[in-house]
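What the coordinates show
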Amino acid sequence: MTKKQRREQKRSRELWRKHCMAVTMMTSLNQTPTIPVTMMKLTLSNLPACLLAIKVTKDDMLTLISADPCEFAKDKLAEYIKSIPDDCSTKGDISIIVNSTGEIEKLLKHVIRAQDKILNLCGISPEWHAADTVSRFLKTTATYLEDI
């Protein structure tokens with residue numbers, strides 16, 4: 001076995017170890033933490049911290065949006081339409097859309113930071129693809145709201 005092959009094998013083992021640690025950490029997160037996770041200041045120093053940030057953001061996203069970005073946008077549009085007076089003398093309350101877009105963009109900002117760090121740590125990996133899925137979901141929702 002050449003030095004290059006040994007290095008690649010060692011790197012492969014190290015990535016597998018990190019992956020196993022991350023999976024273990026994600027599994028253990030299903031237990032109730034003593035401190036609410038959303039209150040913690042998450043520092044993106046390693047892969048498990050990045051995965052925790054993605055999980056927290058995903059949970060917040062699902063709480064806010066549910067499972068369908070289109071339905072979320074329809075609900076916000078319905079709220080906006082209900083805010084228009086019957087005589088149509090003034091515009092509706094645009095803050096309904098603006099505030100929702102702001103919340104989505106805030107979540108997206110956190111996901112992108114964690115996704116970039118995962119890319120730096122692991123490259124294009126299953127962890128990166130998981131973060132990308134959350135990112136795309138949020139981007140789709142933001143696009144729907146912007147179209148309103």
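Before reading further, recall that the structure is shown in the block above.
For the structure given in this document, a descriptive report is provided here.

Parameters at a glance
Residues numbered from 1 in each chain as written. Predicted model: local features only at pLDDT ≥ 70, side-chain atom pairs only at ≥ 80, totals over all residues. Heavy atoms only, no water. Core = buried A, V, L, I, M, F, W, Y, C linked by side-chain atoms within 4.5 Å. Buried < 20%, exposed > 50% of the residue type's maximum accessible area, 1.4 Å probe, protein only. Helix = DSSP H or I, 4+ residues; strand = E, 2+ residues; numbered from the N terminus. Contact = heavy atoms within 4.5 Å. Expected span 1.5 Å × (residues − 1). Patch = residues over 30% accessible without salt bridge, like charges linked within 9 Å, V, L, I, M, F, W, Y side chains within 5 Å. Areas by Shrake-Rupley, 256 points an atom, 1.4 Å probe, with all protein chains shown as cover. Salt bridge = Lys/Arg side-chain N within 4 Å of Asp/Glu carboxyl O.

**Here we look at the nonpolar core**
Counting 24 residues, the largest nonpolar core has Ile 54, Met 61, Ile 65, Ile 104, Ile 118 and Leu 138 as the members making the most contacts within it. Broken down by secondary-structure element, the contributors of at least two residues to this core are helix H2 (47-65), helix H3 (69-82), helix H4 (95-122) and helix H5 (126-147). If we skip the residues at most four places from it in the chain, Leu 138 touches Thr 57, Met 61, Ile 65, Ile 104, Leu 107, Leu 108 and Val 111.

**A word on H4**
In a regular helix each residue adds 1.5 Å, so 28 residues correspond to 40 Å; H4 covers 40 Å between its end C-alpha atoms and thus fits that length. Those residues of H4 not exposed but buried are Ile 96, Ile 97, Ser 100, Thr 101, Ile 104, Leu 107, Leu 108, Val 111, Ala 114, Gln 115, Ile 118 and Cys 122. Of the residues one or two after H4, Gly 123 is the one with positive phi, at around 75°.

**Digging into a nonpolar patch on the surface**
Taken together, Leu 77, Ile 81 and Ile 148 make up a surface patch of nonpolar side chains, about 250 Å² in accessible area. Given the relative accessible area of 49%, Ile 81 is considered partly exposed.

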